[in-house]
Amino acid sequence: MMRRRVLITIPVFLLCLGLWFALGQSGKISQWLGGGGPHQSGYNLVPILCFHDVNGSGPYSVTIEEFRNYLDILKKENIRIVPLKEVMQHQKDNRLMDQPTMAITVDDDFENIARVAAPILREYDFPATFFVYTKDINTHPHGGMAWEDLNRLIAEGFEVQNHSHTHTAFHEPRVGESQEHFAARVHQEVVVSRQILEKHLPNHKIWAFAYPMGYYSPYLEEKLREAGYDLILTVDAAPVDVTSKFTGIMDRYTIQKEYVADPMAMFYKQIAYARKKYQSAEVAQVEEGPQHGLK
Ligand SMILES: [Zn+2]
């Protein structure tokens, strides 16, 4: 009896071992485990850029020449620019980029976005996502964008996504604000703004939300998740690592010139992230040498 059980166990064990080996080779096991994934070689860090006004004024605006210069550098450095959705999909699939990759986003409602930035991006054949807030569309006292502009951008293949209704701070209650009033305000910024966008941009799904001015809180995050957004964008200045777990939140780099000592050095650092070849944690540790014991 004992002998027969051993005889059955051995082939079953060998079959399992063979299956494990075959799946391991195809990378399936590590993919299921959500570990390093089936990575051979490629790039895992994807910086997402956040521009604001182009040819306007303010600390976050760039001139047309500066904007072109940024795009020229991306071309010269062979950085592939992909739509935001593609970065998200790679992270969901735990799949490396086969060449250095970045994504471009542009925030707010400046008229120059539709009239200056978009035609230049088209010239370079760069996709982009525009995050707009709904309060000022069509009614901005200084011009701004109109619904026709946004529908045209979508028809041209750009993405338009949500940046709230009023572009104010709504991550926490104002001093003296009741919880009910605060909840209603967040609802307007998170839910009503999307209804407005979807009403005026027919057949265009709103699936991403960028925090205005980068303010967030656990409460606001919870409300955005409840509202069903696929992706939330911060401006926390870190590249997306497509080998890390998809959380529904991605960081971006604000392009700015007044609050940083050397904007170009910062930009080249982002490019260096995109160009850095993927190294699994084990390989990186071996190359760095022993972490302790030697001084
Ligand atoms: Zn903004």
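Residues numbered from 1 in each chain as written. Predicted model: local features only at pLDDT ≥ 70, side-chain atom pairs only at ≥ 80, totals over all residues.

**As for the packing of helix α3 (residues 64-76) against helix α5 (residues 111-124)**
Now for step 1: Orientation of α3 relative to α5, taken along the N-to-C sense of each, is 25°, at an axis distance of 11 Å. Taken together, the axes of α3 and α5 are roughly parallel relative to one another. You can see that α3 and α5 cross each other, and the crossing is right-handed. On α5, the residues that touch Ile-64, Phe-67, Arg-68, Leu-71 and Lys-75 of α3 are Val-116, Ala-117, Ile-120 and Tyr-124.
Now for step 2: Within the contact of α3 with α5, the residues separate by chemical class into seven nonpolar, no polar and two charged. (Axes fitted to C-alpha atoms, helices over the stretch in contact; angles between N-to-C directions. Helix = DSSP H or I, 4+ residues; strand = E, 2+ residues; numbered from the N terminus. Parallel < 35°, antiparallel > 145°, perpendicular 65-115°, else oblique. Left-handed = near helix turned anticlockwise from the far one by under 90°. Contact = placed C-beta atoms within 7 Å. Nonpolar A, V, L, I, M, F, W, Y, C, P; charged D, E, K, R; others polar.)

**Observations concerning α5**
Now for step 1: An ideal rise of 1.5 Å per residue puts 20 Å on 14 residues; α5 measures up with 20 Å between its terminal C-alpha atoms.
Now for step 2: Maximal helix bending in α5 amounts to about 35°, located at Ala-117; proline Pro-119 follows within four positions.
Now for step 3: Listing the buried residues of α5 in full gives Asn-112, Ile-113, Ala-114, Ala-117, Ala-118 and Leu-121.
Now for step 4: On the buried face of α5, the contacting elements are β2 (48-51), α3, β4 (101-107), β5 (129-132) and α6 (147-155). (Expected span 1.5 Å × (residues − 1). Bend = angle between axes of the 7 residues up to and from the residue. Buried ≥ 20, exposed ≤ 12 C-beta atoms within 10 Å, placed from the backbone.)

**Focus on the pairing of β5**
Now for step 1: Where burial is concerned, the two faces of β5 agree: the one with Thr-129 and Phe-131 and the one with Phe-130 and Val-132 are both buried.
Now for step 2: Taken together, the three bridges between β4 and β5 define a ladder with parallel strand orientation. By the bridge assignment for β5, Thr-105 is matched with Thr-129.
Now for step 3: Remark: the β4/α5/β5 crossover connection has right-handed handedness.
Now for step 4: When β5 meets strand β6 (residues 159-162), the two strands line up parallel, connected through four bridges. Its bridge partner lying in β6, Phe-130 is registered against Val-160. (Pairing = 2+ DSSP bridges. Right-handed = clockwise from strand over helix to strand, strands pointing away.)

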